[in-house]
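# Structural description and commentary
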Amino acid sequence: MPFKNLQPRVAAILHNEEETVANRLTQVCEVLQNTIGYYDWVGFYFANHEAKTLHLKAFAGEPTDHTVIPFGKGICGQVAVSNENFVVADVKAQDNYIACSIYVKAEIVVPLFKDGKNIGQIDIDSHIPDPFSEEDERFLEWVNKKVAEIL
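So, a few notes on the structure that sits alongside this text. (Residues numbered from 1 in each chain as written. Predicted model: local features only at pLDDT ≥ 70, side-chain atom pairs only at ≥ 80, totals over all residues. Heavy atoms only, no water.)

## What to know about the state of the cysteines
The following threshold applies: In plain terms, two cysteine sulfur atoms within 2.5 Å form what is called a disulfide here. Whether a residue is buried, partly exposed or exposed follows from its accessible area with a 1.4 Å probe, protein chains only, as a fraction of its type maximum: under 20%, in between, or over 50%, in that order.
Applying the stated criterion across every chain, the model contains zero disulfides. You can see cysteine 29 has no disulfide; the closest cysteine sulfur is in cysteine 76, sitting 12 Å from it. Classification of cysteine 29 by relative accessible area gives buried; the value is 0%. By relative accessible area, cysteine 76 is classed as buried at 4%.

## Quick word on the nonpolar core
Condition: Put simply, buried Ala, Val, Leu, Ile, Met, Phe, Trp, Tyr and Cys residues joined by side-chain atoms within 4.5 Å make one nonpolar core. Helix numbering and strand numbering both begin at the N terminus, where a helix is a DSSP run of H or I of at least 4 residues and a strand a DSSP run of E of at least 2.
One finds Leu32, Tyr39, Phe44, Ile122, Phe139, Leu140 and Val143 to be the most contacted residues of the largest nonpolar core, which totals 33 residues. If you list the elements that add at least two residues to this core, you get helix H1 (3-14), helix H2 (21-35), strand E1 (41-48), strand E2 (53-60), strand E5 (106-114), strand E6 (117-126) and helix H4 (134-150). By residue number, the principal contributor to this core is H4, which donates seven residues. Judged by nonpolar contacts, the second largest core, of 15 residues, contains Ile75, Val88, Val91 and Ile98.

## As for helix H3 (residues 74-82)
The cut-off we apply is this: We call two residues contacting when some pair of their heavy atoms lies within 4.5 Å.
Taken together, the buried positions of H3 are occupied by Gly74, Ile75, Cys76, Gly77, Val79 and Ala80. Next to the buried residues of H3 lie E1, E2, strand E3 (68-70), strand E4 (86-88), E5 and E6. A positive backbone phi angle near 65 degrees is found at asparagine 83, which sits one or two residues after H3.

Structural data, given as C-alpha cells:
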C-alpha cells in the first residue's frame, strides 16, 4: 500500500494556505480516490451537534444524495455516536446501512477529533468486498489528525 508515500502529499495539500479549507479537503479526497485502487468514494462529513446531523463538505467519486445524515443512521451516523472506527467488510450484512450506490460492497468510517471532540469523519466506500485493513485505519486516523490541524 502506498500509504507512507501518500503522507507527504496529503500533508502538502492540507498545509497549502493559498487554498480554502474546503478546496484542500476536496483535493485530499481526490488524491486518495485516484491513488488507492479500492477507494471508490471518499468524503468528509462534519457534525452539527445541535441538530445531531452530519453534513458532507468534500468528496471525490460519484455524487450522493446523502449529504445530510442523522446521528445513528447508517455507518456514518453510527460513528457519530460511537466515536470509534467502523470497518464494514460487507455492507449487505449491515441492518443499519444507507445504500449510496448498488456498486458499494464495503465501507470504512474513521472519526475526526478536534480537541478531543468528534467533529466529523472520513468515509470511504469500496466496490471490492472486504478490502480494508488495519493499515487503512491507521492511515485514515493520520489523515484526520492532519485535517484537525487546519481546522
